[in-house]
Amino acid sequence: MLWILIVVTCFEVSTLADAQSERTTSLDEDANNNEPDHPVPMVSIQGVAGQRAILPCNIQPREPNDAVTMVLWFRKDNGDPLYSYDARIRQYGKAKFWSATNVWGHRATFRASPPPAQLTIQDIRESDEGVYRCRVDFRNSPTRNFKVNFTVIVPPSKPIIYDTKRRDMSKLLEAYPEGADLILICEVHGGKPRPRVVWSLGSQKIDAPTEVRETQGPEGESNVITISNVTVKGLTRSHHHAKLSCEASNTHLAPPPKTTVTIELNMKPLKVEISEKNKTLSAGNKYEVECRSTGSKPTAILTWWKTSKQLRKTVKNFQEGSTSVSVLHLIPTIEDDGKFLACRAENPKLPEAAIEDRWKLKVHYAPIVTLKMGSSLDPKHIKEGDDVYFECTVRSNPRAYKLTWFHEEEELHYDVTAGIVLSDHSLVLQSITRESAGKYTCMATNVEGHESSNIVNLEVMFSPICKHVLNFGGWRYQNATPPPFNVPEDVHGALKHETISLVCEVEANPTTVTFHWTFNSSGDLNDIPSTKYTSEGTISRLNYTPSTDMDYGTLGCWASNVVGQSKQPCLYQVIAAGRPYPLQNCTAYNQSGSSIRISCVEGYDGGLPQKFIAFVGKHRYESLSPYWELELHKPTTVILYAVNVKGSSDPVIMEEVALKGVAKFTGSESVSSVDMSPILIGLGGTATGLGLIVTGVLMALWRRHAATPTKPKPLQQSSIATFASKAEEEDGNPDLIPTTALTHHLTDRKIPICGSLPRRPRQLEGREMSHDVLEDSTYPRTSPNTFYSLQRPHRYSESMRNTAIQESCI
């Protein structure tokens, strides 16, 4: 086996040596073959550096049975082959290829079939340029030569576009202001042959000057730079996003290198508009005002301005595509009427190109009303009888169609008789009185509503007049049960040696008042010493104690200020009075269901108005007449009182009042109820009524002849008419009370005195009233030196049920 390998190796070496020797001999012969009768054909081929090139070679034999044995490539003036194709000894049916490593190496490949044959060179270099010869050896035909003039084109580098600041625009996204001039520089390095630089804007070519500069590299090499400048004047919106290209071309074999930049513009807003500018606004209402702007790049910033003040807090901005939208929440005020509201659209990159839309606001509002007193008047020195006028100033939009005047919230109307004159926006009050004093306002009305003016208080100086009088009871009756009854203010009841407190309060302006008191009895008017009363402000207090019958009469309270003295005094009638007598003839009977009706006959009222109180357990019922309707569900004790300002009567106690029969009580007696059927009750009631009528008539006739009642004297011309008393005849009987009639404050009041009035027991006078019986403090009280006693009621036995009923007055 080893010997076989050695033999084969030696054969191969021998074969290669022979081939090399033959190739050398042939090359020498071919190099020296310069015979003019054998011209060598030549073709010109161009290739682009960095790409591939195909060098053709005609290897087609002239005879059909001939075949190519070898193809050799040579470079001009060089006898060494650069590439070989050897088809003489085909191993495994394939030819042998060889390429000089220092020239083409693996970059060259040869293809013999199908025709035409061609040598392909990859990644062409500039050094590959030259004239090449292809030698073709045939098996039978003579050798053929073919020349190729190969030119290598070196494309220029990719153009670089700079701006005037020497910034590479392919790496910088720069936006230019709308309307500005765009100046760019295109530089192209290298290129063989020298490239031609062309600018184009979109599909349109732009003429631009070109210059060539040669520079020396770091290793001394020469570099050629082709420079071209272009200027686009007055950039418009059509240039936005346009493509501006610089192209360097020196061959058609390869696409020219090209650099493109996109023109970016900052564009000012084209339009800004406030929507619904024609509507009318109402002051105080809320509105949403919208503003839109288009055409800005970048999108516009919208701001709102009122006069020269920017509105910030109630603004909401957002984008809808390329449209800027701003919504203003506006609450117009009265001061906004006639002002301009502006929406300003501004490109932040073009602050000087802002545009705005303006809206002149039309604001409707309710009237603004101002009231003042006439400028010629002194508000602090106006008195009764003067003339006063007011001026009402109205500011409104739209104009007010109605003006109304008020005094103390009461509308004033034109009335010359009353001294009220209304004219346009003024009010004239002629010959004013103290009733004219108070608060004045005017109210104007338009379609937006109505508003009132400020309050102007008119103070009228006047002499004092009576305001009201009070009668203060004693401290011991603050929790009286039942409470005393409130009597007319100018009538005051008092027993002899009982002190009552009289309070005189007046109205006056100014309020610095001087008081003095007088006493009138039987037409004699006497001054009361100043030591008897006190004065503070507009109030004077007098503690008065009647000692004799002559001390009953009328007290007058006079007051004066800088304007003058009161025209009439405040009058207080002091009369002899006591607490009322108990109720009489109290009857209780069924009303309906659980309702009980109680009715009584009132006794002597003590000289003062009285009312009536019923106590059912803890419940208290008041009545102006001795009549009650009560809801009772079980037998209950009912206590009845008569009450006036001096105190309460002795109680009438009705025990175990139930819904059966009729219970009748006489005086202080307590009787149990008797069960009676409805028929008997009806018959008994009818008989009782007829009996009472007959008895009343008979007693009236008897009284007319048996007793003569006290009669009042006729009224005198003076304001107070005194009546004669029977005090001396009756030996101090408190039931017969001297009375007076006033004509100043109240109508004439006469106290009826019945001839058979029961005398008040003397042992009851001077005794202190039980405090646990009195409770209500809403009524005036008696003076503290007056004492009463509620005599403990006696409960009468059943045997006294038929006792005759004594009536105080029939």
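Presented here is an overview of the structure given in this document.

Rules used in this analysis
Residue positions within a chain follow its written sequence, with the count starting from 1. It should be noted that, the model being predicted, local features are given only for residues of pLDDT at least 70 and side-chain atom pairs only at 80 or more, the latter also being counted only at that level, while totals for whole chains, interfaces and linings use all residues. Excluding hydrogens and water, the side-chain figures rest on all heavy atoms present in the structure. A run of DSSP states H or I qualifies as a helix once it reaches four residues; a run of E qualifies as a strand once it reaches two. Both are numbered from the N-terminal end. Relative accessibility under 20% of the residue-type maximum defines a buried residue, over 50% an exposed one, and the middle range a partly exposed one, all with a 1.4 Å probe and only protein chains included. Here, two residues are considered to be in contact whenever any of their heavy atoms come within 4.5 Å of each other. Values of accessible area rely on a 1.4 Å probe in the Shrake-Rupley scheme; residue burial ignores everything except the protein chains shown. One side-chain nitrogen of Lys or Arg within 4 Å of one carboxyl oxygen of Asp or Glu is enough to make a salt bridge. Two strands pair if DSSP finds at least two bridges between them. An axis is simply a line fitted to the C-alpha atoms; with a helix, the fit covers only the stretch in contact. Between two such axes, the angle follows the N-to-C directions and lies from 0 to 180 degrees. Side-chain atoms within 4.5 Å link the members of a nonpolar core, which is a set of buried Ala, Val, Leu, Ile, Met, Phe, Trp, Tyr and Cys residues. Sulfur atoms of two cysteines make up a disulfide when they are within 2.5 Å.

## Some details on the overall build of the protein
Stage number 1. Along the protein, the regular secondary structure elements total 2 helices and 57 strands.
Stage number 2. By residue count, 42% of the 810 residues in the protein fall in the buried class.
Stage number 3. Excluding contacts between residues fewer than 6 apart, the proportion of contacts in the protein whose partners are at least 24 apart in sequence is 66%.
Stage number 4. Looking at the protein as shown, the accessible area adds up to about 44800 Å², and 52% of this sits on carbon and sulfur atoms.

## Some points on the pattern of salt bridges
Stage number 1. Taken as a whole, this structure holds 27 salt bridges when the rule is applied.
Stage number 2. Note that aspartate 650 and arginine 579 form a salt bridge whose closest N and O atoms lie 3.7 Å from each other. On the criterion of sequence distance, the pair formed by aspartate 650 in the loop between strand 53 (647-648) and strand 54 (652-657) and arginine 579 in the loop between strand 46 (570-575) and strand 47 (584-592) is long-range, its members being 71 residues apart. The same class applies to aspartate 650 and to arginine 579, which are both buried.
Stage number 3. Residues participating in the shared-partner salt-bridge network are Glu126, Glu129 and Lys192.

## Section: the sheet that holds strand 10 (residues 160-163)
Stage number 1. If you walk across this open sheet you meet the 4 strands as 10-12-16-15, and the pairing is antiparallel. Where the open sheet ends on each side, the last strands, each with one partner, are strand 10 and strand 15 (210-216). Averaged over all pairs of adjacent strands, the angle between strand axes in this sheet comes to 30 degrees, irrespective of strand direction.
Stage number 2. With 4 bridges connecting them, strand 10 and strand 12 (residues 182-189) associate as antiparallel partners. Of the residues in strand 12, the one forming a bridge with tyrosine 162 is isoleucine 185.

## Examining the sheet that holds strand 46
Stage number 1. The strand order 39-46-45-41-42 describes an open sheet built from 5 strands, whose pairing is mixed. One side of each edge strand has no neighbouring strand; the edge strands of this open sheet are strand 39 (491-493) and strand 42 (524-527). Strand-to-strand twist of the sheet, defined as the mean angle between neighbouring strand axes without regard to direction, takes the value 25 degrees.
Stage number 2. Where strand 41 (residues 514-521) lies against strand 42, 4 bridges are found, and the strand directions are antiparallel.

## Things to note about the nonpolar core
Stage number 1. Among the nonpolar cores identified, the biggest contains 29 residues, and Leu55, Val71, Trp73, Trp104, Phe110 and Leu119 are the most heavily contacted of them.
Stage number 2. Listed by contribution, the elements that provide at least two residues to this core are strand 2 (53-57), strand 3 (68-75), strand 4 (81-91), strand 6 (108-111), strand 7 (117-121), strand 8 (130-138) and strand 9 (144-153).
Stage number 3. Contact partners of tryptophan 104, with chain neighbours within four places excluded, come to Leu55, Trp73, Leu82, Tyr83, Ser99, Leu119, Ile121, Asp128 and Tyr132.
Stage number 4. Among the nonpolar cores identified, the runner-up in size contains 22 residues, and Ala508, Val513, Phe515 and Cys570 belong to it.

## Things to note about the state of the cysteines
What is meant by a disulfide is a covalent connection between two cysteines, made through their sulfur atoms.
Stage number 1. Tallying each qualifying case throughout the model produces 7 disulfides.
Stage number 2. Between the sulfur atoms of cysteine 57 and its disulfide mate cysteine 134 the distance is 1.8 Å. Handedness here is read from the sign of the S-S torsion; for cysteine 57 and cysteine 134, about -70 degrees, the answer is left-handed. Of this pair, cysteine 57 sits in strand 2 while cysteine 134 sits in strand 8, and the two are 77 residues apart along the sequence.

Bear in mind that shape data such as this cannot, by itself, settle questions of function.
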